[in-house]
Amino acid sequence: MAALEILTIPDERLKQESLAVERFDDELRSFIADLEETRQHGPAAVGIAAPQVGRFQRIVIVDVSNTRKPVPNHGYMVLVNPEITHWDGYEIGREGCLSVPDYTGNVIRATHIRLKAQNPDGETLEYEMEGFEARAVQHEIDHLDGMLFIDRVVSRRTDLFQRKVYQKGKGKKGKSN
Amino acid sequence: MTNWNMLTLVGEDRPGIVAGVTDALYRRQWNLGEASMIRLGGNFTIMMMVSGDGDLYAELKQVAVDMKLRIHVDPIVGMLHQHVAPNIQVRVAGADRAGIVAQVTGALAEAGFNILELESDVAGLRDKPVYIMNIQGYSEAPVESLRDAVAPLVAQGMDVDVSPIETMVG
């Protein structure tokens, strides 16, 4: 296993669309182990996508089981050929990225998603997830389509008004993502 | 060693201010750093890090006259790549009255909260103004102790919401 080099902006390759994985073999599983090592190697990242290390295949890893305040999660997930089949709600939250050093910004994401994917052996997976974990998965899948969170950043003023409406509508106080 | 200045420009809002100012700087080979540009009460305000050599007042004189802008320049130590990600967000809303900002930020400062960014607006209606403020900052102290710090203000009827910000890095 080895930590791989992470592509950072303005590397044009980050805009490249990734292709579906067709061969579920030892080489794939070995790459996934390296990808996970890369995720753990740098600053605390809850996810990583294969194109971030220059492999343009639809593979992401997400693990939000270790946040400061616990959030609903499915633990360590390897998602091959992931596809979001259902979105619901939206919320603004702050994001950063291994490929965008020293910058964070607010991004609108769906609060609930349903997801289909395959595991590293090619077996079908289905997940339903919310909040921080759903945000992480949406961020990583964006990488597979050549999108970065900086392509989706909204201003703090947008946050102010939309979050307020959301809170009042749901009658929840102090909710955060 | 880069020679940074904080350039402040203020004037009545009109189209073309940013383009006019930055074009003048670009033509004289000034380099821009981080900036905040926003419309406040019908005025357009710019605070911008610029680096280069020369007299900024002289070089911006023409655009300042054309756009009716006032200029101020301070030499600064420019520190790039040292961002602190906020971990706490504070939202405040209430009927506009004197002292809201002082009381909220005073309570937060005493609890060890450092403001990284503050935006406030006077919203509502002309005869019924509402003060809305959104603060992002960093605190080693837990969110609960900041909530305790602003609790007396909440008890007085002010709407102060303190929430953690968990930045998702992926």
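Remember, predicted model here, so these are calculated numbers, not experimental data.

Counting 22 residues, the largest nonpolar core has M77(A), L79(A), I113(A), L115(A), Y127(A), M129(A) and V137(A) as its most contacted members. Secondary-structure elements contributing two or more residues to this core are β2 (59-62), β3 (77-88), β6 (112-118), β7 (124-130) and α2 (131-144) of chain A. Sort the elements by how many residues they give to this core and α2(A) lands first, with six residues. Setting aside residues no more than four positions away along its own chain, Y127(A) makes contact with H74(A), M77(A), L79(A), I113(A), R114(A) and L115(A). If you look at the next biggest cluster of nonpolar residues, it comprises 19 residues, including V21(B), I46(B), V63(B) and L69(B).

Another point: the domain arrangement of chain B. Often the size quoted for an interface is simply the accessible area lost on bringing the parts together. By the assigned domains, chain B splits into domain 1 (4-76) and domain 2 (88-164). Using only C-alpha atoms to locate each centre, domain 1 of chain B and domain 2 of chain B end up separated by 31 Å.

Residues and elements named next belong to chain B. Residues of helix α1 (residues 17-27) that are buried: I17, V21, A24 and L25. Angularly, the buried residues of α1 cover 100° about the axis, an arc narrow enough to put them on a single face. For α1, the exposed residues set more than 90 degrees away from the buried face come down to Y26 and R27. In this structure, the buried side of α1 is in contact with β1 (4-12), β2 (31-40), β3 (43-51), α2 (56-59), α3 (61-67) and β4 (69-76). Following α1 by one or two positions, Q29 has its phi on the positive side, about 65°.

Below, the discussion takes up the sheet that holds β3(B). Residue and element names in this part refer to chain B. An order of β2-β3-β1-β4 is seen for the four strands of this open sheet, with the pairing classed as antiparallel. Unpaired on one side and paired on the other, β2 and β4 mark the two borders of the sheet. Along the sheet, successive strands turn relative to each other by an average axial angle of 15°, direction set aside. Of the strands in this sheet, β1, β2, β3 and β4 are in contact with α1, which crosses β3 at around 20°.

Quick look at the pattern of salt bridges now. This structure, assessed with the given rule, holds 19 salt bridges over all chains. The salt bridge partner of E95(A) is R135(A), with a shortest N-O separation of 2.8 Å. Of the two residues, E95(A) sits in strand β4 (residues 91-97) while R135(A) sits in helix α2, which places them 40 residues apart along the sequence. R135(A) matches E95(A) in its accessibility class, with the two residues each being buried. The partner of E59(B) in a salt bridge is R28(B), with the nearest N and O atoms 3.4 Å apart. You can see E59(B) sitting in helix α2 and its partner R28(B) sitting in the loop between α1 and β2, a full 31 residues away along the chain.

Attention now moves to the confidence of the model for chain A. Residues of chain A with pLDDT of at least 70 account for 88%, and the chain-wide mean is 89. In this model, residues 160-177 of chain A is a region of pLDDT below 50 whose contacts with residues beyond four sequence positions or in other chains number 41 contacts.

Two measures describe an aromatic ring pair: the distance that separates the ring centres and the angle between the ring planes. Scanning the model with the defined rule gives one aromatic pair over all chains in all. Here the guanidinium or amino end of R55(A) rests over the ring plane of F31(A), the centre of that ring lying 4.3 Å away.

Below, the discussion takes up unusual backbone geometry. Cis geometry marks the peptide bond from I9(A) to P10(A), where omega comes out at 10°. As for its position among the elements, P10(A) is in the segment before α1 (26-41). Phi is positive for Q29(B), close to 65°, though the residue is something other than glycine. With a relative accessible area of 71%, Q29(B) lands in the exposed category. Backbone geometry at K68(B) places phi at a positive 55°, although glycine is not the residue there. Its relative accessible area of 59% is what places K68(B) among the exposed residues.

Another point: the environment of I76(B). One can find I76(B) in strand β4. In this structure, I76(B) is in contact with W4(B), N5(B), M6(B) and M49(B), ignoring residues within four places of it in sequence.

The next thing to look at is the pairing of β2(B). Residues and elements named next belong to chain B. One ladder, built from eight bridges, connects β2 with β3; its direction is antiparallel. Residue pairing in the sheet places L32 in a bridge with V50 of β3. Between β2 and β3, which pair antiparallel one after the other, the connecting turn spans two residues, and G41 there sits at a positive phi close to 55°.

A word on the sheet that holds β4(A). If you trace the four strands from one edge of the open sheet to the other, you get β8(A)-β5(A)-β4(A)-β9(B), paired in mixed fashion. The open sheet has two free edges, formed respectively by β8 (153-154) of chain A together with β9 (168-169) of chain B, since each of these has just one partner strand. Pairing geometry for β4(A) and strand β5 (residues 100-109) of chain A, over six bridges, is antiparallel. Paired with I92(A) across the bridge in β5(A) is I108(A). Running over the sheet, α2(A) touches β4 and β5 of chain A together with β9 of chain B and is turned about 55° from β4(A).

Attention now moves to the side chain of T45(B). As for its placement among the helices and strands, T45(B) is situated in strand β3. Filtering out sequence-adjacent residues up to four positions away, T45(B) remains in contact with L9(B), S36(B), M37(B), I38(B) and L40(B).

Thresholds, definitions, all that
- Residues numbered from 1 in each chain as written.
- Chains lettered and ligands numbered in written order.
- Predicted model: local features only at pLDDT ≥ 70, side-chain atom pairs only at ≥ 80, totals over all residues.
- Heavy atoms only, no water.
- Core = buried A, V, L, I, M, F, W, Y, C linked by side-chain atoms within 4.5 Å.
- Buried < 20%, exposed > 50% of the residue type's maximum accessible area, 1.4 Å probe, protein only.
- Helix = DSSP H or I, 4+ residues; strand = E, 2+ residues; numbered from the N terminus.
- Contact = heavy atoms within 4.5 Å.
- Domains from an automatic or database assignment.
- Arc of directions from axis to C-beta.
- Pairing = 2+ DSSP bridges.
- Axes fitted to C-alpha atoms, helices over the stretch in contact; angles between N-to-C directions.
- Salt bridge = Lys/Arg side-chain N within 4 Å of Asp/Glu carboxyl O.
- pLDDT = per-residue confidence, 0-100.
- Phe/Tyr/Trp six-rings, centres within 6.5 Å; stacked < 30°, edge-to-face > 60°.
- Lys NZ or Arg CZ within 6 Å of the ring centre and 35° of its normal.

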